[in-house]
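# Architecture at a glance
Next come the chains, spelled out residue by residue.
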Amino acid sequence: MGRVDLHLHTTHSDGQHRPSEVVRLASDAGLKLIAVTDHDTVGGIAESATAAARYGIGFIPGIEISTAHAQEQHMLGYYIDPGAPVLREICLHFMQLRDERIGNTIEYLHRCGIMITRADVQAEAPGTYLGRPHIAAAMVRAGYAADINEAFKKYLATDAYRKTPRPKPTAVESIEAIRAAGGTAALAHPDSLHLEAGALSRHVGELKSFGLAGLECCYGTYSRAQTALYVEIAKQHDLIVTGGSDFHGLAIKPDVMIGSGRNHLLDYNDLSVAEALKAAADA
Ligand code: AMP
Ligand code: FE
Ligand code: FE
Ligand code: ZN
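Below is a summary of the structure that appears in this document. (Residues numbered from 1 in each chain as written. Chains lettered and ligands numbered in written order. Predicted model: local features only at pLDDT ≥ 70, side-chain atom pairs only at ≥ 80, totals over all residues. Heavy atoms only, no water.)

Turning our attention to the layout of surface pockets. The calculated volume of the largest pocket comes to roughly 1100 Å³. Together, 39 residues line the largest pocket, and Glu72, Phe152, Ala157, Tyr219 and Lys253 are the ones closest to its centre. For the lining of the largest pocket, the secondary-structure elements that each account for two or more residues are β3 (58-67), α3 (85-111), α5 (132-141) and α6 (148-156). Considered class by class, the residues forming the lining of the largest pocket number ten nonpolar, 13 polar and 16 charged. As a volume, the second largest pocket reaches approximately 390 Å³. Around the second largest pocket sit 18 residues that line it, and His12, Thr41, Met95, Thr128 and Tyr129 are the ones nearest its centre. Residue composition of the lining of the second largest pocket, grouped by class: seven nonpolar, six polar and five charged. (1 Å grid on protein atoms, 1.4 Å probe; cavity = no way out; pocket = protein on both sides within 12 Å on 5 of 7 lines; lining within 4 Å. Points joined across faces, edges and corners; volume = space filled by probe spheres on them. Helix = DSSP H or I, 4+ residues; strand = E, 2+ residues; numbered from the N terminus. Nonpolar A, V, L, I, M, F, W, Y, C, P; charged D, E, K, R; others polar.)

As structure tokens, then:
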């Protein structure tokens, strides 16, 4: 039974639960060390840090920055200072571009015959952050898809959709912002880059030369074989092995449980990772 989960989302990005609820769920699941890693924002850190202290759970302030890549490349930042101006600036800038992208995505969907509006999408979001899961939820509500996964599979995770990209920071810019904010960077869910093992290892090695310190080898949907491959790549480059479920709440990712992922695939227990990440952040 895993006791560590370093990849959690709240209502400040595309998670279902408020920060204090996420921490309560973590406590209920018996977790001892967590990190809140909302997409492109540190808005949920203060509330979750307070809740974690109340529940007596180790807490790492985190972020997950979407970066430019042909596929999906997300950079996790740990022990970032949520007040750091450099991070706030990069988040604000790319949040504005994210918001513009929602308009482009709605236009793309209209071309596909899916007539949802921005108001429909906003109705699915608890705050100002709008992401693809909120668009998917609006599509489900309007009857265009059976569930969120189907909306992604048919429309939002397709090559056609990728032609309406949004500008994002480069991986190197994201590493630099995380480091400038006093934190340390780890590459999230490496399978999402869709690289074969050799190419992935070379890519990771290059990111390491720009300051990457960790690799998310343990993940809510990874098989043992996948995890073993990523641990091997982490070893090749002397990177910290990190792990997390990528919990968003069961209404958004129905099969991904906090702390244990899908079908208990996640079993991450390395409490010493906190010290390793802190040391890398301070280096
Ligand atoms: P965005 O940052 O708006 O492009 O949305 C990315 C988010 O959508 C990810 O963080 C996941 O929460 C979710 N997501 C991405 N791909 C899928 C998928 N194939 N099925 C379900 N959710 C997905
Ligand atoms: Fe997400
Ligand atoms: Fe991600
Ligand atoms: Zn995530």
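Still more to cover.
With that settled, consider the packing of α3 against α5. Interhelical geometry of α3 versus α5 gives an angle of 35° and a closest axis separation of 11 Å. Read as a crossing pair, α3 and α5 show a hand that is right-handed. In contact with Arg101, Ile102, Thr105 and Leu109 of α3, α5 contributes Arg132, Ile135 and Met139. Residues that form the contact of α3 with α5 fall into these classes: four nonpolar, one polar and two charged. (Axes fitted to C-alpha atoms, helices over the stretch in contact; angles between N-to-C directions. Left-handed = near helix turned anticlockwise from the far one by under 90°. Contact = heavy atoms within 4.5 Å.)

Since one α-helical turn is 3.6 residues long, residues separated by three or four positions face the same way. The terminal C-alpha atoms of helix α9 (residues 197-209), which comprises 13 residues, lie 19 Å apart, in line with the 18 Å expected from a rise of 1.5 Å per residue. Among the residues of α9, Leu200, Ser201, His203, Val204 and Leu207 are the ones counted as buried. Taken end-on, α9 shows its buried residues confined to a sector of 165°, consistent with a single buried face. Facing away from the buried surface of α9 by more than 90 degrees, the exposed residues are Arg202 and Ser209. Check the buried side of α9 and you find it contacts β4 (73-78), α8 (171-180), β5 (184-187), β6 (212-219) and α10 (224-236). The N-capping residue of α9, defined by a side-chain oxygen 3.1 Å from the backbone nitrogen of glycine 198, is glutamate 196. Directly after α9, the chain includes glycine 211, whose backbone phi takes a positive value near 115°. (Expected span 1.5 Å × (residues − 1). Buried < 20%, exposed > 50% of the residue type's maximum accessible area, 1.4 Å probe, protein only. Arc of directions from axis to C-beta. Polar contact = N/O pair within 3.5 Å; in protein donor to acceptor, adjacent residues only side chain to side chain.)

This part takes up the environment of aspartate 38. Looking at where aspartate 38 falls in the secondary structure, it is placed in the loop between β2 (33-36) and α2 (45-55). Sequence separation between aspartate 38 and isoleucine 63 is 25 residues; the distance between their C-alpha atoms is 5.2 Å. Setting aside anything within four residues of it in sequence, one finds aspartate 38 in contact with Leu8, His9, Thr10, His12, Ser13, Gly44, Ile63 and Glu64. Only 2.7 Å separates the side chain of aspartate 38 from the side chain of threonine 10, close enough to count as a polar contact.

Applying the stated criterion to the full structure yields twelve salt bridges. In this structure, aspartate 28 engages arginine 24 in a salt bridge whose closest nitrogen and oxygen atoms are separated by 3.7 Å. One end of the pair is aspartate 28 and the other is arginine 24, both in helix α1 (residues 19-28) and four residues apart, which spans about a single turn. Exposure remark for aspartate 28: the relative accessible area of 57% places this residue in the exposed category. The closest approach of N and O atoms between aspartate 246 and lysine 253, which form a salt bridge, is 3.4 Å. (Salt bridge = Lys/Arg side-chain N within 4 Å of Asp/Glu carboxyl O.)

Attention now moves to the pairing of strand β1 (residues 4-8). When you tally the buried positions in β1, you get five out of five residues, the bulk of the element. Here three bridges tie β1 to β2, and the two strands are oriented parallel to one another. Opposite valine 4, over in β2, you have leucine 33 as the bridge partner. Between the parallel pair β1 and β2, the chain is carried across by α1, and the sense of this crossover is right-handed. (Pairing = 2+ DSSP bridges. Right-handed = clockwise from strand over helix to strand, strands pointing away.)

When a metal holds four donors in a tetrahedron, each ideal angle between them is 109.5 degrees; when it holds six in an octahedron, the ideal angles are 90 or 180 degrees. Every protein donor of the zinc ion (ligand 4) is accounted for by His7 (NE2), His9 (NE2), Glu64 (OE) and Asp246 (OD), and the metal-donor separations fall at 2.0 to 2.2 Å. In this structure, the zinc ion (ligand 4) is surrounded by four donor atoms whose angles at the metal cover 81 to 171°, and the resulting shape is irregular. Mapping the donors of the zinc ion (ligand 4) onto the primary sequence gives the spacing H-x1-H-x54-E-x181-D. The distance between the zinc ion (ligand 4) and the iron ion (ligand 2) is 4.7 Å. (Donors = N, O, S within 2.8 Å, 3.2 Å for Na, K, Ca; no water. Tetrahedral: all angles 85-135°; square planar, octahedral: opposite > 155°, others 65-115°.)

The next subject is unusual backbone geometry. Note on backbone geometry: most residues besides glycine have negative phi, and most peptide bonds are trans. Of note, the phi angle at aspartate 238 is positive, near 55°, even though the residue is not glycine. As for its placement among the helices and strands, aspartate 238 is situated in the loop between α10 and β7 (240-244). A relative accessible area of 62% places aspartate 238 in the exposed class. Its identity as a non-glycine residue notwithstanding, aspartate 246 has a phi of 70°, on the positive side.

Nothing here speaks to function; it is all geometry.
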